[in-house]
Every structure is written in structure tokens, then in C-alpha cells.
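Architecture and fold: a report
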Amino acid sequence: MRFRAKIVDLACLNHFSRVINTIAKLAKTCTLRLTVSKLYFILSDKVANGGVSMWCELCQGNFFDEFQMEGVAADHNEIYLELMPENLSRALKTAQSAKAVKIKLTNKHCPCLKVAVELPSLSSSSRIVTHDIPVRVIPRRLWNDFREPSVPDFDVSIYLPVLKTMKSVVERMKNLSNCIVIEANFGGEMNLKIETDVVSVTTHFKDLGNPTWVSEDGCQSSVQGRDLQSMAEARIDIKKLQQLLAGQQVNPTKALCNIVSKKIVHFILLHEDVSLQYFIPALA
């Protein structure tokens, strides 16, 4: 099992840093899955137990100048590592003006991701700062726990309003209540609602647009026969939503959410080379 990678391009490095910062805001520990072409950051708190789950996917070719890996076996050419993303985020903070960053899987006293940051120096020799990030290698028999979550059979799918706007609304609302109701319809309308014994506040968004989905058999899922005005809603933990919005450092080109009434809200944030899915279960 071997893994080494190198980023030389500063724009790619800063972009990678932002992705890791976002993940560090969403998960204390997560699983890093390495394949030949992609990296995945996975958080699979069982949604059934009230935990959020996350699936973030990056194409390695868009970030790394060199990328070599050999998985645990020829027929399972993958590596699964458990790590604290905050540690990786901290290591990359020292790399903002680096000439290069090398990441390598090592095993001196325990398995580690060694991050070597080559900093520019006035003399001919360069300064290298290294960080050893402890990781746990996840054995092959547990890999099935980290499969990609399927898109739930939603009642409504809608594009989100500008995330900054949504974030400031949610931040104001979180002082009033611990939970928030998200409701939306196929007429491009979405409401964020707080209802307590003392106060009820609603923010309305309209003309957001609804994405068209293509099902696995190639048919477009149509909204025909659906009542465009009828709202699907889910009540979720406001802190979990705020965490998602506050952690965003990768400005997505598309952001949408799928609501399964009273069960789950599934967020999808897409950037050219990064996709992030985030599932927040509904409260009873």
C-alpha cells in the first residue's frame, strides 16, 4: 500500500486548501478514500441515528501535479484512511506561498500522512516544513460502510438562493430557535421558517428554479401531474445547517437541495472539480 502526491501550482494548492477547510468545518473525523483518479472525503454518521452524513468528491488530476498510489490489493486498488481534517487543514495553512507540497503515506511509529511544505527561501537551499498527520488505515472488510449514498427519492428538488444570503438569514434565526423548517415546491419557491411559542418568523425566496433530474433508466423525472404549489417540508437542526453554510469556502457554481418530507434534506454543492453532498436528517 503506497501513496504519494505533489502539488506545485499555487492556485491548485489554495483551492485544495479551501476544500479541506470546508471539510474540517463539517467533520471532526472523516474517512479519506483514495483511488487512482479521485479523492473522497466521507462522513457517515448513521443518518438514522440523527447524524449528518457527507460525501465530497475531487478529481485528483485537477489538483495534483503528481499522484501515485497502490491500493491494498491489485483487484481493490484503493486506500481508506481515517483522519482529522482539521490537522490537514492546519498543515496546509503553512503552505500559502509554498513552492511545492508533497503528501506521502508513511509508517514510522504509526501510519501517518506526511505533509512536506517547501517554502521559498532567500538562499539557494529551500526550507521544508513537515507535518505528520496520524491516520488509521481502515481494513478492507469495513469498506462497505463508506459507499456513496444514493440520492433519496425526494418530494421536491430546488436550487438554493445565494448561499451568503441564506447564511445571514440562518444566523439571525439561530438565536431564536434550535430548529428550522425548510420548505419548497416545484414552483421555485422556498421558505425558511422558525416557529416557537414566542415568535414565528418566515423568510421567503422565489424564482429559484427547479433542477431536472434524469433517472437511472434515462427518463427525465418530470413534474407533470404534481401540484407545483404544494410544499414539501422538513424540520432540521439549525446548527447543522449553519455549519454547512458557514463552512463554505469553495464558492459553488450550483447549489441545490432535495427534500424528502419530514425525513431528510439532501444538499448538493457543485464546483467545477469538487462536489459536496450533505445529508441532514429531519427532527421528529
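The rules behind each value
Starting afresh in each chain, residues are numbered from 1 along the sequence in its written order. Thresholds applied to this predicted model are a pLDDT of at least 70 for local features of residues and 80 or more for the giving and counting of side-chain atom pairs; totals over whole chains, interfaces and linings are not thresholded and use all residues. To get the side-chain values, take all heavy atoms of the structure and skip hydrogens and water. Exposure categories follow from relative accessible area, calculated using a 1.4 Å probe and restricted to protein chains: below 20% of the type maximum is buried, above 50% is exposed, and the middle band is partly exposed. Under the DSSP-based scheme used, a helix requires at least four consecutive residues in state H or I and a strand at least two consecutive residues in state E, with every element numbered from the N terminus. Working note: the arc is built from the helix axis to C-beta atom directions. Only heavy atoms enter the contact rule, under which two residues are in contact if any of them lie within 4.5 Å. An automatic or database domain assignment supplies the start and end points of every domain. Here the quantity called buried area is the accessible surface, traced with a 1.4 Å probe, that two parts lose on coming together, added over both. Interaxial angles span 0 to 180 degrees and are taken between N-to-C directions of axes, which are lines fitted to C-alpha atoms, for helices over the stretch in contact. Note on angle classes: values under 35 degrees are labelled roughly parallel, values over 145 roughly antiparallel, values of 65 to 115 roughly perpendicular, and the remainder oblique. For a crossing to be left-handed, the near helix must be turned anticlockwise from the far one by less than a right angle; the clockwise case is right-handed.

Of the positions making up helix H3 (residues 163–173), those classed as buried are Leu163, Met166, Val169, Val170 and Met173. Viewed end-on, H3 has its buried residues packed into an arc of 125°, placing them on one side of the element. Residues of H3 that are exposed and angled more than 90 degrees away from the buried face: Lys164 and Arg172. The secondary structure elements touched by the buried residues of H3 are strand S12 (179–184), strand S13 (190–195), strand S14 (200–205), helix H4 (238–246), strand S18 (254–260) and strand S19 (264–271).

A few words on the environment of Ile238. Following the sequence through the fold, Ile238 ends up in helix H4. Each C-alpha atom, one on Ile238 and one on Cys179, is 4.6 Å from the other, the two residues being 59 residues apart in sequence. Beyond its immediate chain neighbours, meaning those up to four positions away, Ile238 contacts Val170, Met173, Lys174, Ser177, Asn178, Cys179, Ile180 and Ile194.

Domain annotation of the protein chain identifies domain 1 (2–145) and domain 2 (156–216 + 224–281). For domain 1 versus domain 2, the distance between C-alpha centres works out to 29 Å. On the domain 2 side, the residues contacting the 20 residues of domain 1 number 18 residues. Carbon and sulfur atoms supply 59% of the area buried between domain 1 and domain 2, which totals about 1,700 Å² over both sides.

Remark: helix H1 (residues 10–26) packs on helix H2 (residues 85–93), axes separated minimally by 8 Å, with the N-to-C direction vectors making an angle of 150°. Relative to H2, the element H1 is oriented roughly antiparallel. Here H1 and H2 pass one another in a crossing that is left-handed. Residue-level contacts link Leu13, Phe16, Ser17, Ile20, Asn21, Ile23 and Ala24 of H1 to Pro85, Glu86, Leu88, Ser89, Leu92 and Lys93 of H2.

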